[in-house]
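Structural overview
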Amino acid sequence: MVHNLTLVHLLLVGAAGGCIYLSLREVRRRYISTWRLFAPAILALFAGAILSLLQFAEHQPPWLFGAALAAGFVVGAARGIMIGIRHDMYRPQVNLTQAAKLLLVWVAVLLGAAVAVECLGALLASPHLEIFRLGAALVAMFCGSAMLGRALLLTIRLHRADRGSS
């Protein structure tokens with residue numbers, strides 16, 4: 001343990017890095033498989049859940065994290081509904097604008113920033129940074145659930161488009 005950093009923080013950095021990497025790979029592809037939609041979302045939600053558990057240990061109220069989870073899911077689902085889908089000869093294709101691609105990457109980068117704030121707060125172990133660590137956990141939970149809501153709605157829409165009912 002380096003100061004107050006633990007293996008949990010190493011897992012958080014790995015999850016955030018994986019989320020950013022997979023988000024960058026997703027925006028470069030024309031066809032997106034279901035696992036590619038859900039992989040960054042699962043890593044982001046994992047990081048958000050771990051950060052939330054660290055805050056639960058500090059006796060923070062759980063309803064804050066439930067509200068962040070619900071709000072993120074609604075925002076992500078709304079984004080998943082607005083993304084265009086077209087069908088070519090083989091399968092449905094997600095039609096992402098450049099702004100939509102950048103938004104996905106920025107959400108992943110925001111998650112990485114939240115993890116960095118948590119790691120810095122744990123390293124410095126100052127009571128003045130507790131509010132920033134709480135904010136970082138809420139932002140990570142929001143980002144993770146937004147990515148999950150987007151992935152879920154896009155998967156449902158792609159499945160319907162593949163069956164011809166869109």
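This report concerns the structure included in the present document. Predicted model only: the values in this text are computed from it and were never measured.

Some remarks on the nonpolar core
Of all hydrophobic cores here, the largest spans 32 residues; its most connected members are Cys 19, Leu 37, Ala 47, Leu 51, Leu 111, Val 115 and Met 147. Elements with a contribution of two residues or more to this core: α1 (7-28), α2 (34-57), α4 (98-124) and α5 (130-163). Among all residues touching Leu 111, those that are not within four sequence positions of it are Ala 16, Cys 19, Ala 44, Ala 47, Ala 140 and Cys 143.

Observations regarding a nonpolar patch on the surface
Taken together, Phe 73, Leu 152 and Ile 156 make up a surface patch of nonpolar side chains, about 210 Å² in accessible area. Along the chain, the position of Leu 152 falls in helix α5.

A word on α1
The end-to-end C-alpha distance of α1, which contains 22 residues, comes to 32 Å, matching closely the 32 Å that a straight helix rising 1.5 Å per residue would cover. Restricting attention to buried positions, one finds in α1 the residues His 9, Leu 12, Ala 15, Ala 16, Gly 18, Cys 19, Leu 22, Ser 23, Glu 26 and Val 27.

So, the environment of Ala 151
Looking at the element boundaries, Ala 151 is found in helix α5. Residue class for Ala 151 comes out buried when judged on its relative accessible area of 0%. Aside from chain neighbours lying at most four places away, what touches Ala 151 is Leu 37, Phe 38 and Ala 41.

Scoring rules and cut-offs
Residues numbered from 1 in each chain as written. Predicted model: local features only at pLDDT ≥ 70, side-chain atom pairs only at ≥ 80, totals over all residues. Heavy atoms only, no water. Core = buried A, V, L, I, M, F, W, Y, C linked by side-chain atoms within 4.5 Å. Buried < 20%, exposed > 50% of the residue type's maximum accessible area, 1.4 Å probe, protein only. Helix = DSSP H or I, 4+ residues; strand = E, 2+ residues; numbered from the N terminus. Contact = heavy atoms within 4.5 Å. Patch = residues over 30% accessible without salt bridge, like charges linked within 9 Å, V, L, I, M, F, W, Y side chains within 5 Å. Areas by Shrake-Rupley, 256 points an atom, 1.4 Å probe, with all protein chains shown as cover. Salt bridge = Lys/Arg side-chain N within 4 Å of Asp/Glu carboxyl O. Expected span 1.5 Å × (residues − 1).

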